[in-house]
Structures are given as structure tokens and as C-alpha cells.
Amino acid sequence: MRHDVEEVAARYATAIPTTFLSLIGTPDDPIGRQVIPHPDELISAPSERADPIGDDALSPVPGIVHRYADRALLKPLLICPLYCRFCFRREHVGPDGGLLDDAALATALDWLGEHEQIREVILTGGDPLMLSARRLGHIVRALDEIPHVTTIRIHSRVPLADPERITDELVAAMETDRAMWLVLHANHEREFTVEGRAALKRMQRRGIPLLGQSVLLRGVNDSVPVLEGLFRAMVENRVKPYYLHQLDPAPGTARFHVPVEEGRTLLQGLRGRVTGLAWPTYVLDIPGGFGKVPLGPDYVDTGADRVTDPQGRQHVLSEL
Ligand SMILES: *Cc1c(COP(=O)(O)O)cnc(C)c1O
Ligand code: SF4
């Protein structure tokens, strides 16, 4: 067992910042499960893939992923504040690699400048808020100079995972004339610590709107009360739940899998009971690089001419 865990840690990056460590009661609690290596990570199911959402095939130059016409991902580094045991990029992320060097970053920025259909640049990785304030500022200013880029989005787990990194200097580096949005990755209410909430405020005070993204995970947030707690914690901290992701089938992540039908039923349990502000879109990134689609739950069945209300009663659509 001990030996297996060492093998897992050798194969997949592992890190747990102090704030997160203090939240862990047992290795199998909702926080521990997310970050502590487990022997089952060595078991790969046939349906699992090293690159589950097909990023590699859609990369015109290093650091860029372009799948949708109007937006592209820019991955300036592959370092994270912690390493999620369910990460969809787990074969790539890690502490000792993936920082685009100056030349590669310049090439990626040139590519964005040459493609006028790109309206939005999504900084992801790895975690862009692991960059130094100086390097992040350099990237944001370079994007500021591309006339067709109107929107910059940063995907990050840092504000709650390692709140001390959200210094005034780092937040100042995010300042731009473009619309800057931050999408926060959080999977459980307990992640919203006093320090984490203060870090969120430091960004909000500078006018950065916050959205939330979560992954539906077995043993972490696979119940109605826990999802309710998570989304309420977001709303109460001025974070609008944006996406609840179906788990991407990366190698060794089967212990986190929740079937889609169960996910839909869980969300149905929130409808009508919890403020509409707390309602994310449940999405699947279709394995193989086919893109993200909403998974419901659906309340309208146009074929059967029916709409279902939150209490489960059915109404005839064409008569409404
Ligand atoms: C998820 C993703 C996006 C962002 O999609 P939204 O639906 O706009 O949040 C953009 N590009 C790629 C390659 C993605 O995987
Ligand atoms: S923070 Fe995101 S990229 Fe980093 S390990 Fe977690 S899921 Fe993967």
C-alpha cells in the first residue's frame, strides 16, 4: 500500500499547500480525496485517455489550444498550487515543467495577434496565478495590445488553494482595459476559508467578476446537500456558479466517476429549492475533442409536447 502510493507520487505530481492541508481530516474526506495520492491511480480503465478532451490535436503552436472559433486557450505554464487527483491534464501538469520560455510565449502571442476571429483569450495551464506578478503582467499587457481581443479569462484554483499568492501586486498585474473575468475552481464548501474569502475580495475590489467551476466527484460533492452548500458558498462570496463539469476520463480517475444520469438527478434536486443564482450548467466535454455540451437536466420534451415543472408535474407545451 505504502509502496503503491510512492509509485503514484512518482508518476503524477503531488502538492498540498498549507491552507488546504489544514482542511484535511482524513485522507478520504472531501478535501483529502482531491489531493492525496491513492493506489487506485495506477489502475487505468480502457475508456480512459492521456488527453481526454483532445487538446493536443488542436494546438497550432506550443501553449495555444484552439477549438472554438471566437476563443483560444493560452497555457503559459503547467504548474498548479496543488495537483488534483482527478485532473484531466494530469499527464502534463507538474512542478518542473511547462513554463513557456520567452520565445515560445512570443510565438503564442503572435499567433493570437494574427487570428482576428479570436475575441477571448483564456489563460489556463497549469494555473496562471502561479506566475510571478511580473510575468503575468507582461502577458496581460501583451494581450491588451491585440485590438481584436476584447475579453481575457483566467482559470485558477489559487485564490482558495493558496490565498497568500493573491497579493496586491499580483492583482495589479491583472489590470487591463479589456474585460477580465476570473473563473475559480472549487469543489467543496469547506474550501472557502477565511483567508480564501479575503483573497476573493482582493480581486473583486479591483473590479474583476468571479465565476465558479466545479467537477462532479464521487466522495467529494456527489450529494444534493453538498452541491447546495458549494453553490451557496459561491453565491455568498459573489462567485457565480458557471460550470459543473462531468469528470473527464483521464487515467486512474475512475474512483471519482459519477454517472451522467446521477448527475442530472442531483441537479434536479436543487431546482426550485435553491436560488437560481446558484445554478451552474452541467457540462460534458465530449472525449476526443468534440467540445462541451450541456447535460441537462431537461424540463422540456418538444417531441412529446411536454414541459415538467420543478415539482415533477407535466404540462402540455403547445397549450401554454
Ligand atoms: C473549455 C474550453 C474553452 C472554454 O469554453 P467555454 O464554454 O467558453 O467556457 C475554450 N477552448 C477550449 C479548447 C476548451 O476546452
Ligand atoms: S488545478 Fe486544474 S490543471 Fe491543476 S491539477 Fe487541478 S484540475 Fe489539473
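Numbers given for residues are sequential positions, taken from 1 along each chain in its written order. A letter from A marks each chain and a number from 1 marks each ligand, given out in the order of writing. Totals for whole chains, interfaces and linings use every residue, but because this is a predicted model, local features are given only for residues with pLDDT of at least 70 and side-chain atom pairs only at 80 or more, for both listing and counting. To get the side-chain values, take all heavy atoms of the structure and skip hydrogens and water.

A short note on the UniProt feature "modified residue: N6-(pyridoxal phosphate)lysine" (unreviewed entry) in the protein chain
Within this numbering scheme, the UniProt entry marks Lys292 as carrying the feature "modified residue: N6-(pyridoxal phosphate)lysine" (unreviewed entry). To qualify as a helix, a DSSP run of H or I must reach at least 4 residues; to qualify as a strand, a run of E must reach at least 2; elements of each kind are numbered from the N terminus. Within the element layout of this structure, Lys292 appears in strand 9 (residues 291-294). When near neighbours in sequence (up to four residues on either side) are disregarded, Lys292 contacts Arg67, Tyr68, Tyr243, His245, Leu284 and Asp285. UniProt positions are given in the numbering used here, feature names are shortened, and annotations may be inferred rather than shown by experiment. Should any heavy atoms of two residues lie within 4.5 Å, those residues are counted as being in contact.

Description of empty space enclosed by the protein
Cavities and pockets were defined on a 1 Å grid built from protein atoms only: a cavity is a group of points that admits a 1.4 Å probe but offers it no way out, a pocket is an open group of points flanked by protein on both sides within 12 Å along at least five of seven lines, and a lining residue is one with an atom within 4 Å of any such point. Grid points are joined across faces, edges and corners, and a volume is the space filled by probe spheres set on the points. Tallying each qualifying case throughout the model produces one cavity of 30 Å³ or more. Computed from the structure, the largest cavity encloses a volume of approximately 50 Å³. Lining the largest cavity are Tyr12, Ala13, Tyr83, Cys84, Arg85, Cys87, Arg90 and Val93. Looking at side-chain class alone, the lining of the largest cavity contains six nonpolar, no polar and two charged residues. Just so you know the grouping, Ala, Val, Leu, Ile, Met, Phe, Trp, Tyr, Cys and Pro go in nonpolar, Asp, Glu, Lys and Arg go in charged, and all remaining residues, Gly too, go in polar.

Overview of helix 4 (residues 102-114)
For helix 4, built from 13 residues, the straight-helix expectation of 18 Å at 1.5 Å per residue is met to within 8% by its first-to-last C-alpha distance of 18 Å. Relative accessibility under 20% of the residue-type maximum defines a buried residue, over 50% an exposed one, and the middle range a partly exposed one, all with a 1.4 Å probe and only protein chains included. Where helix 4 is concerned, the buried positions are Ala104, Leu105, Ala108, Leu109, Trp111 and Leu112. Down the axis of helix 4, the sector holding all buried residues measures 150 degrees, keeping them to one side. Facing away from the buried surface of helix 4 by more than 90 degrees, the exposed residues are Asp102, Ala103 and Glu114. Contacts made by the buried residues of helix 4 are with strand 1 (64-68), strand 2 (71-74), strand 3 (120-123) and helix 5 (133-144). Here the expected length of a helix is defined as 1.5 Å per residue gap, with one fewer gap than residues. The arc under discussion is defined with respect to the helix axis, by the directions toward the C-beta atoms.

What to know about the nonpolar core
By nonpolar core is meant a set of buried Ala, Val, Leu, Ile, Met, Phe, Trp, Tyr and Cys residues that side-chain atoms within 4.5 Å join together. By size, the foremost hydrophobic cluster in this structure holds 65 residues, and its most contacted members are Leu74, Leu112 and Leu136. Once you skip the residues sitting within four places of it in the chain, Leu136 turns out to touch Leu123, Pro128, Leu129, Leu131, Ile154, Leu170, Ala173 and Met174. Membership of the second largest hydrophobic core comes to 19 residues, among which are Leu23, Val35, Leu247 and Phe256.

With respect to a positive patch on the surface
Positive charge collects at one region of the surface, where Arg197, Lys201, Arg205 and Arg238 lie side by side. Turning to its location among the elements, Lys201 is positioned in helix 8 (residues 194-205). By relative accessible area, Lys201 is classed as partly exposed at 41%. Only residues above 30% relative accessible area that lack a salt bridge enter a patch, with like-charged residues linked at up to 9 Å and the nonpolar side chains Val, Leu, Ile, Met, Phe, Trp and Tyr linked at up to 5 Å. All accessible-area figures derive from a Shrake-Rupley calculation using a 1.4 Å probe, and residue coverage is judged against the displayed protein chains alone. The salt bridge criterion pairs a side-chain nitrogen of Lys or Arg with a carboxyl oxygen of Asp or Glu, the two atoms within 4 Å. Counting rule applied: Lys, Arg positive; Asp, Glu negative; His and chain ends not counted. Charged groups are reduced to one reference atom each: NZ for lysine, CZ for arginine, CG for aspartic acid, CD for glutamic acid.

Some remarks on helix 5
With twelve residues, helix 5 should reach 16 Å at 1.5 Å per residue; the first-to-last C-alpha distance of 16 Å fits that figure. Of all the positions in helix 5, only Ala133, Arg135, Leu136, Gly137, Ile139, Val140, Ala142 and Leu143 are classed as buried. Buried residues along helix 5 sit against strand 2, helix 4, strand 3, strand 4 (151-156), helix 7 (168-173) and strand 5 (179-185).

Let's talk about the packing of aromatic side chains
Note on aromatic pairs: the rings of Phe, Tyr and Trp (six-membered ring only in Trp) are paired at centre separations within 6.5 Å, and the planes decide the class, stacked below 30 degrees, edge-to-face beyond 60, tilted for the rest. Taken as a whole and assessed by the stated rule, the structure comprises two aromatic pairs. Measuring from centroid to centroid gives 5.5 Å for Phe86 and Phe256, while their planes differ by 75 degrees, and the two rings are edge-to-face. Pair noted here: Phe86 is in the loop between strand 2 and helix 4 and Phe256 is in the loop between strand 7 (239-245) and helix 10 (260-270), with a separation of 170 residues, a long-range link. For the pair Phe86 and Phe256, one class covers both residues: buried. Directly above the aromatic system of Trp279 lies the positively charged group of Arg271, at a separation of 4.0 Å from the ring centroid. Ring-over charges, as used throughout, are those where CZ of Arg or NZ of Lys falls within 6 Å of the ring centre and within 35 degrees of the ring normal.

Let's talk about the pairing of strand 6 (residues 210-215)
Burial of strand 6 is extensive: six of the six residues sit out of reach of the surface. Side-chain alternation along strand 6 places Leu210, Gly212 and Ser214 on one buried face and Leu211, Gln213 and Val215 on a second face that is also buried. Here four bridges tie strand 5 to strand 6, and the two strands are oriented parallel to one another. Counterpart to Val183 in the pairing with strand 6 is Leu211. Assessed by its sense of winding, the connection that carries the chain from strand 5 through helix 8 to strand 6 is right-handed. Think of it this way: DSSP has to see at least two bridges between two strands before they count as a pair. Viewed with both strands pointing away, a crossover whose connecting path from the first strand over the helix to the second turns clockwise is right-handed.

Structural notes on the site of ligand 2
For this description, a residue counts as near a given molecule or strand if any of its non-hydrogen atoms is within 4 Å of it. If you check the shell around ligand 2, you find Cys80, Leu82, Tyr83, Cys84, Cys87 and His185 and nothing else. Of all the cavities here, the one that holds ligand 2 is the largest pocket. Here the residues of the shell around ligand 2 are counted per class, giving five nonpolar, one polar and no charged. In this description, a molecule resides in a pocket or cavity if more than half of its atoms sit within 2 Å of the grid points defining it.

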